[in-house]
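Each chain, letter by letter, is given below.
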Amino acid sequence: MAEENKTYLAVGKIIKAQREKAKMTQDDLAKKISVTAATISLYESGLRKPEMDKIKMISSALGTSEAVLLGIEADNADIDLALRSEKLDIHEINQVKDY
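Now for a look at the structure at hand. Just so we're clear, the structure is a prediction, and the values are computed from it rather than from any experiment. (Residues numbered from 1 in each chain as written. Predicted model: local features only at pLDDT ≥ 70, side-chain atom pairs only at ≥ 80, totals over all residues. Heavy atoms only, no water.)

## Some remarks on helix H2 (residues 26-33)
Argument step 1. Along H2, the residues classified as buried are Leu-29, Ala-30 and Ile-33. Considered in projection along H2, the buried side chains sweep an arc of 100° and stay on one side of the axis. Among the exposed residues of H2, those pointing more than 90 degrees away from its buried face are Lys-31 and Lys-32.
Argument step 2. Just past H2, the residue Ser-34 takes up positive phi, approximately 60°. (Buried < 20%, exposed > 50% of the residue type's maximum accessible area, 1.4 Å probe, protein only. Helix = DSSP H or I, 4+ residues; strand = E, 2+ residues; numbered from the N terminus. Arc of directions from axis to C-beta.)

Okay, structure coming up:
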């Protein structure tokens, strides 16, 4: 379970980095995907797993790909920093990719 939580946290940090890159607040993003700002906060903090339909909506709202949000591909240093800041090992990074 702890590894799964790290995966959610890594995805959440990527969502946050992409949201900030898009110059959106949590409330802005929440309105675009029909959830509350509190839900966005839970995603970004790794306390809630966004379902794939929400990942698709978030990626569309942020103008990025699902692969970027899931850490499968990185389009900037912010994403790499988000993953490295969690000190994920290769196994954990692969779990993010398998998400």
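There's more to say after this.
## Side note on the packing of H2 against helix H4 (residues 52-62)
Argument step 1. Running from N to C, H2 and H4 cross one another at 120°; their axes reach a closest spacing of 9 Å. Between H2 and H4, the angle falls in the class oblique. Helix-helix and strand crossings are classified by hand; for H2 and H4 the assignment is right-handed. Between H2, through Leu-29, Lys-32 and Ile-33, and H4, the contact on the second element is made entirely by Lys-54, Met-57, Ile-58, Ala-61 and Leu-62.
Argument step 2. Among the residues forming the contact of H2 with H4, the class breakdown is six nonpolar, no polar and two charged. (Axes fitted to C-alpha atoms, helices over the stretch in contact; angles between N-to-C directions. Parallel < 35°, antiparallel > 145°, perpendicular 65-115°, else oblique. Left-handed = near helix turned anticlockwise from the far one by under 90°. Contact = heavy atoms within 4.5 Å. Nonpolar A, V, L, I, M, F, W, Y, C, P; charged D, E, K, R; others polar.)

## Details of the packing of H2 against helix H3 (residues 37-45)
Argument step 1. H3 packs onto H2 with a crossing angle of 105° between their chain directions and a minimal axis gap of 8 Å. Taken together, the axis directions place H2 and H3 in an arrangement best described as roughly perpendicular. Here H2 contributes Gln-26, Asp-27, Leu-29, Ala-30 and Ile-33 to the contact with H3, which in turn contributes Ala-37, Ile-40, Ser-41 and Glu-44.
Argument step 2. The residue makeup of the contact of H2 with H3, split by class, is five nonpolar, two polar and two charged.

## Concerning the pattern of salt bridges
Argument step 1. Scanning the entire structure with this criterion turns up two salt bridges.
Argument step 2. Glu-44 serves as the salt-bridge partner of Arg-19, at 2.6 Å between the closest nitrogen and oxygen. Here Glu-44 lies in helix H3 and Arg-19 lies in helix H1 (residues 2-21), a separation of 25 residues in the sequence. Of the two residues, Arg-19 and Glu-44, both sit in the buried class.
Argument step 3. Two residues, Lys-31 and Asp-27, come together in a salt bridge whose shortest N-O distance is 3.1 Å. In this pair, Lys-31 and Asp-27 are both assigned in helix H2, four residues apart and thus about one turn of the helix distant. (Salt bridge = Lys/Arg side-chain N within 4 Å of Asp/Glu carboxyl O.)

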